[in-house]
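# Fold and geometry: a report
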Amino acid sequence: MLKKAFICIVLLTIIHTAQGQTSFKNWAQTPPMGWNSWDCYGSTVTEAEVKANADYMATNLKKVGWQYIVVDIRWFVENDKAGGYNQTDPRYVMDEYGRYLPYSGRFPSAAGGKGFKALADYIHSKGLKFGIHIMRGIPVEAVKRKLPIKGTNGITADQVYTTDLQCKWLTDNYTVVANKPGAQEYYNSILELYASWGVDFIKVDDLSRPYHQGEIELIRKAIDRTGRPIVLSTSPGETPIKDAEHVKEHANMWRMVDDVWDVWKDLIHLMNVAKGWYAYSAPGTWPDCDMIPLGRIAIRGERGVDRMTRLKKEEQVSLMTFFTIFRSPLMFGGDMPSNDAFTLSLLNNKDILKMHREGTEVRQLFMENGKVAVTSRNSKTGERYLALFNIGDKDAATISVNLKELGVNTKYKVKELWTGETFKGTNSNFSQQIEPHASKVFLFR
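Residues numbered from 1 in each chain as written. Predicted model: local features only at pLDDT ≥ 70, side-chain atom pairs only at ≥ 80, totals over all residues. Heavy atoms only, no water.

## Describing the confidence of the model for the chain
Selection criterion: The pLDDT score gives, residue by residue, the confidence of the prediction method on a 0 to 100 scale. Segments assigned H or I by DSSP are reported as helices when at least four residues long, segments assigned E as strands when at least two residues long, and all are numbered from the N terminus. Note on definitions: a residue-residue contact is assigned when non-hydrogen atoms from the two residues lie within 4.5 Å.
Looking at the chain, the pLDDT average stands at 94 and 95% of residues meet or exceed 70. The secondary-structure element of the chain with the lowest mean pLDDT is helix α1 (residues 2–22), recorded at 44, while strand β2 (residues 68–71) shows the highest, at 99. For residues 1–20, every residue scores under 50 in pLDDT, and the model assigns this stretch 1 contact once sequence neighbours within four places are set aside.

## Remarks on the pattern of salt bridges
So the rule is basically this: One speaks of a salt bridge when a side-chain nitrogen belonging to Lys or Arg is within 4 Å of a carboxyl oxygen belonging to Asp or Glu. Here's how the labels work: a residue is buried when its accessible area is under 20% of the maximum for its type, exposed when over 50%, partly exposed in between, all with a 1.4 Å probe on protein chains only.
Following the criterion strictly, the structure yields 32 salt bridges and no others. The residue R74 makes a salt bridge to D80 at a minimum N-O spacing of 3.0 Å. Each of the two residues, R74 as well as D80, counts as buried. Between D206 and R136 there is a salt bridge, with the nearest N and O atoms lying 3.0 Å from each other.

## A look at unusual backbone geometry
The omega torsion across R209 and P210 is -5 degrees, close enough to zero to call that bond cis. Topologically, P210 is positioned in the loop between β7 (201–205) and α7 (213–226). The omega angle of the peptide bond from S235 to P236 is -25 degrees, so this bond is cis rather than trans. On the secondary structure map, P236 appears in the loop between β8 (231–234) and α8 (244–247). Even without a glycine there, the phi angle at R74 is positive, about 60 degrees. Following the sequence through the fold, R74 ends up in the loop between β2 and α4 (117–125). Overall, R74 belongs to the buried group, its relative accessible area being 1%. Phi at L165 is positive, roughly 60 degrees, even though this residue is not glycine. Examined against the element boundaries, L165 turns out to sit in the loop between β5 (161–162) and β6 (173–176).

## Some remarks on the packing of aromatic side chains
To keep it simple, the criterion reads: Side-chain rings of Phe, Tyr and Trp (the six-membered ring for Trp) are treated as a pair once their centres are within 6.5 Å; stacked means planes under 30 degrees apart, edge-to-face means over 60, and tilted covers the remaining angles. Charge-over-ring contacts are defined here by two conditions on Lys NZ or Arg CZ: a distance within 6 Å of the ring centre and an angle within 35 degrees of the ring normal.
Taken as a whole and assessed by the stated rule, the structure comprises 26 aromatic pairs. Considering the side-chain rings of F430 and F444, the 5.0 Å spacing of their centres and the 80 degrees angle between planes classify their relative orientation as edge-to-face. With F430 in strand β20 (residues 429–434) and F444 in strand β21 (residues 439–444), this pair connects stretches of sequence that are 14 residues apart. Like F444, F430 is buried. Ring pairs connect the aromatic residues W75, F76, Y92, Y100, F107, F116, F130, Y194 and W197, which therefore count as one cluster. Note that R220 overlies the ring of F24, its terminal NZ or CZ placed 4.0 Å from the centroid. The side chain of K313 reaches across the aromatic face of F342, ending 4.8 Å from its centre.

## A short note on the environment of L207
Tracing the sequence through the fold places L207 in the loop between β7 and α7. Residue classification places L207 among the buried positions, given a relative accessible area of 1%. Here the alpha-carbon distance between L207 and S235, two residues 28 residues apart in the chain, equals 5.8 Å.

## Concerning helix α12 (residues 350–358)
The following threshold applies: Side-chain atoms alone can form a polar contact between residues adjacent in sequence; in general such a contact is a pair of N or O atoms within 3.5 Å, and within protein one must be able to donate a hydrogen while the other accepts it.
Taken together, the buried positions of α12 are occupied by I352, L353, M355, H356 and E358. Of the residues flanking the start of α12, the one acting as N-cap is N349, its side-chain oxygen 3.0 Å from the backbone nitrogen of D351.

## Remarks on the pairing of strand β16 (residues 384–390)
Selection criterion: What makes two strands pair is DSSP finding at least two bridges between them.
Burial within β16 is extensive, with 7 of its 7 residues counted as buried. Every second residue of β16 is oriented toward a common face, with R384, L386, L388 and N390 on one face and Y385, A387 and F389 on the other, all of them buried. As paired elements, strand β15 (residues 371–378) and β16 share 7 bridges and run antiparallel to each other. Its bridge partner lying in β16, T375 is registered against L386.

Structure representation (structure tokens):
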């Protein structure tokens, strides 16, 4: 009898573990879509600005699938600055367990140690979801003060850290040694706090280069332990392709490249890096093209002055075409209340978003001589999508694809998804002339 009971306990443990390792994929069956404060507000976004963007999304974009509102970096620093970081004399807000808390000077509803609960409640009341950014590791300040780790019997912050592989560009935290007693409990404690606030999305920075497998596993376990469906985004930098199998079993989305800004070369670099990642897009786990640097950015951002994106209109269309056919998560970086009609049209095109939501079997056909072709299939209707890009700098280019390779019959109807133009065709050699830096995306019926 005891033997049978033991076997049952072991089996239940295995089943529970397996469920914990895979259930998080149910939280992002399609690529997450939202807004992130980084491109426009850097490390100084305020509660009023977050609410204004949430209001805009609820009114203009929620109905087509946009839902996450994410507060990016350093919401816990009292005296940070625009255009970079104050690393000379930062004043941190944290609790007795070394867990960062929002600075009430920028987030008034967080006063008295209330955290982001009220802000999350506001965003939830709009039918949206709330997210935050954190850096991996444990605060340097908590280590210096030897603050206790919640959930342990006397283990303190100075017992779980190492200076090895400390983030080079932002030194708020030290690396957590994953196998040290108290390491898992530290991550448990912060995710427990975030879950109590109502956090639905967490972007964890400095995980990808080098790839911090130990801390990623601690974070995955800590999220699962909360019982709350919190989407996990790992960032930034080029996640090593050798770690693809590991990251897709622990995160919902992971960055493929460094920050993408409003310069054409960043999109070309992204296309090149993406070649290795097409095979890893799947319901619940998505290679991430980074934020969308369109609309009004750099109001108090890291790079440049307050501006509308420097990308030309055709370049903006090309960026959105690639992000959507590739099925990247979509995190808009501009200040949404400042959107003009053209910028909004890039975000609310129902045909484009249907391709993004329902596409499958995404693959690159070619990328050569300044010509790029990417295709996918609608998972519900079987219809075929085809995106063509001229990434050359000087001349218009004729780009041709043999439709037989896509399984398209010799009689077909075509719709260009940005313009809505429709026409019929019978030639299996489908050709389009496309201007430099421009693109077109077609649906074949």
